[in-house]
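# Close look at the chain arrangement
Next come the chains, spelled out residue by residue.
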Amino acid sequence: MGFWKDTEDFPTACRALLEEVLKSAQILQDEVSSSNKNIVDTLSIIDLGFGCGDQSLYIKNALDNQRRGKRDDRWERNLKAYVGLTLESAHFSIAQKRLGLEQSNTSTEFEIYCADAGRPTSWTPEIKKSVSVATQGNDEKGDHENWLLGLDTLIHFQPSRWPVIEYANRELGASLMAYDLCIADNLSLKQRLVLRFMASFGQSPFANFVTIQEYRERLVMAGYAREKIEIRDISEHVFNPLAGFLRKKEVELQQYGMSIGRFRYAAGMK
Ligand SMILES: C[S@@+](CC[C@H](N)C(=O)[O-])C[C@H]1O[C@@H](n2cnc3c(N)ncnc32)[C@H](O)[C@@H]1O
């Protein structure tokens, strides 16, 4: 969906959304900090629903640069490990190619799998082992954090997003950073019906559509400290700008007799 605050370009907006999530988790800073030059603290990311791998590519670049001694000093911690899961085998194959991992996972620091990220009980022993190794603390000096990343994906998880979030807190001691969807507090019956239709259209369980308050309570029930939960509404920088971008694309494509298809509805076009 993208974070369109300072851009009109889709790939830039997608990267900005990832960076906004990383910044909210205080993993990435806005600007390079000289105090981040000699850091020893580490971080592992369990990435749920990486799609075609845009965010994986971003994190792999950061990891590769770090290995070459050219780390981006906006990162507050050194990356220790990344394990990414995505559901669709077609998306997985695209991501494998983009990441240069066609054969199989070759490094324990960066691994991707095709799996249902929302159901940890369905993960193969290999995935469970990767996640377990990635999320082990540091023997060396320095503090280690584990983070679950859900970028525009948790809303799709069946039967809901909560089993994996509870698992992450309980078994991995992981925090959660996400771009996710919530509903307004007082939806009318008509709006609820429209939402039900949109939920089935977007293949998301209706039960996943909760208010910010309900979301917060579920995080507390999952084991997260209430005072540490931060939820920000960034919708003004997402939906209208995205709809504007889609409308522009539709006009461009129409010149060639093509269309953005079902995204016309998302753009508010009939
Ligand atoms: C809107 S896309 C976002 C993809 C990516 N995170 C991004 O921001 O570019 C949602 C993705 O979540 C994936 N997904 C949905 N349910 C999933 C599940 N249970 N486990 C893993 N991936 C899932 C979909 O296949 C899709 O690729």
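Rules behind the numbers
- Residues numbered from 1 in each chain as written.
- Predicted model: local features only at pLDDT ≥ 70, side-chain atom pairs only at ≥ 80, totals over all residues.
- Heavy atoms only, no water.
- Patch = residues over 30% accessible without salt bridge, like charges linked within 9 Å, V, L, I, M, F, W, Y side chains within 5 Å.
- Areas by Shrake-Rupley, 256 points an atom, 1.4 Å probe, with all protein chains shown as cover.
- Salt bridge = Lys/Arg side-chain N within 4 Å of Asp/Glu carboxyl O.
- Helix = DSSP H or I, 4+ residues; strand = E, 2+ residues; numbered from the N terminus.
- Buried < 20%, exposed > 50% of the residue type's maximum accessible area, 1.4 Å probe, protein only.
- pLDDT = per-residue confidence, 0-100.
- Near = heavy atom within 4 Å.
- Polar contact = N/O pair within 3.5 Å; in protein donor to acceptor, adjacent residues only side chain to side chain.
- Pairing = 2+ DSSP bridges.
- Right-handed = clockwise from strand over helix to strand, strands pointing away.
- Phe/Tyr/Trp six-rings, centres within 6.5 Å; stacked < 30°, edge-to-face > 60°.
- Contact = heavy atoms within 4.5 Å.
- Axes fitted to C-alpha atoms, helices over the stretch in contact; angles between N-to-C directions.
- Expected span 1.5 Å × (residues − 1).
- Arc of directions from axis to C-beta.
- Core = buried A, V, L, I, M, F, W, Y, C linked by side-chain atoms within 4.5 Å.
- Disulfide = S-S within 2.5 Å.
- Parallel < 35°, antiparallel > 145°, perpendicular 65-115°, else oblique.

### Considerations on a nonpolar patch on the surface
Together, Val-194, Phe-197, Met-198 and Phe-201 line one region of the surface with nonpolar side chains, adding up to about 400 Å² of accessible area. Note on placement: Met-198 falls in helix H6 (residues 189–201). Taking relative accessible area as the criterion, Met-198 reaches 47% and is therefore assigned partly exposed.

### Comments concerning the confidence of the model for the protein
Summary statistics for the protein give a mean pLDDT of 90 and a share of 95% for residues scoring 70 or more. Mean pLDDT per element in the protein: helix H9 (residues 263–266) is the minimum at 69, and strand S5 (residues 174–179) is the maximum at 98.

### What about the site of the ligand?
The full set close to the ligand counts 17 residues, and Gly-49, Asp-116, Ala-117, Leu-151 and Thr-153 are the nearest of them. One of the backbone nitrogen or oxygen atoms of Leu-87 is found 3.2 Å away from a nitrogen atom of the ligand. Within the side chain of His-91, a nitrogen or oxygen atom sits 3.1 Å from an oxygen atom of the ligand.

### Some details on the pairing of strand S4 (residues 144–151)
Judged by how many residues are buried, S4 sits mostly within the fold: seven of eight residues are covered. Of the strand pairs in this sheet, strand S1 (residues 42–48) and S4 are connected by seven bridges, and their pairing is parallel. Along S4, the bridge assignment pairs Asp-47 with Leu-149. As judged from the six bridges shared by S4 and S5, these two strands associate in the parallel manner. Paired with Asn-146 across the bridge in S5 is Ala-174. Handedness of the β-α-β unit built from S4, helix H5 (residues 162–172) and S5 comes out right-handed.

### Overview of the packing of aromatic side chains
Taken as a whole and judged by the stated rule, the model has five aromatic pairs. Judged by centre distance (5.5 Å) and plane angle (80 degrees), the ring pair of Trp-123 and Tyr-167 falls under edge-to-face. Residue Trp-123 is found in the loop between strand S3 (110–114) and helix H4 (125–134), and its partner Tyr-167 is found in helix H5; the two are separated by 44 residues along the sequence. The pair Trp-123 / Tyr-167 is uniform in exposure class, with both members buried.

### Considering the environment of Ala-25
Positionally, Ala-25 belongs in the loop between helix H1 (10–24) and S1. Setting aside anything within four residues of it in sequence, one finds Ala-25 in contact with Trp-147 and Met-177.

### What about the sheet that holds S4?
With parallel pairing, the five strands of this open sheet are ordered in space as S3-S2-S1-S4-S5. Two strands in the sheet have a free side with no partner beyond their single neighbour: S3 and S5. Across the sheet, the axes of successive neighbouring strands diverge by a mean angle of 20 degrees, strand direction being ignored. Of the strand pairs in this sheet, S1 and strand S2 (residues 78–86) are connected by seven bridges, and their pairing is parallel. Residue pairing for S2: Ile-45 is matched across the bridge by Tyr-82.

### Remarks on helix H8 (residues 239–254)
Between its terminal C-alpha atoms H8 stretches 22 Å, which fits the 22 Å expected from 16 residues at 1.5 Å a residue. Those residues of H8 that sit buried are Leu-242, Ala-243, Phe-245, Leu-246 and Glu-250. For H8, the angular spread of buried residues about the axis comes to 160 degrees, placing them on one side.

### Comments concerning the nonpolar core
Trp-75 and Met-177 are the most contacted members of the largest nonpolar core, which has 39 residues in total. Among the nonpolar cores identified, the runner-up in size contains 29 residues, and Val-83, Ala-115, Val-131 and Val-164 belong to it.

### Here's the deal with the state of the cysteines
Evaluation of the coordinates by the stated rule reveals zero disulfides. Cysteine Cys-114 shares no disulfide, and the gap to the nearest cysteine sulfur, in Cys-52, comes to 11 Å.

### A closer look at the packing of H5 against helix H7 (residues 212–221)
The geometry of a pair of packed helices is captured by two quantities: the angle between their axes and the separation between those axes. The geometry of H5 relative to H7 is characterised by a closest axis approach of 9 Å and an angle of 40 degrees between their N-to-C directions. In this view, H5 runs oblique relative to H7, as classed from their interaxial angle. Residues Trp-162, Ile-165 and Glu-166 of H5 lie in contact with H7, whose contacting residues are Tyr-215, Arg-218 and Leu-219.

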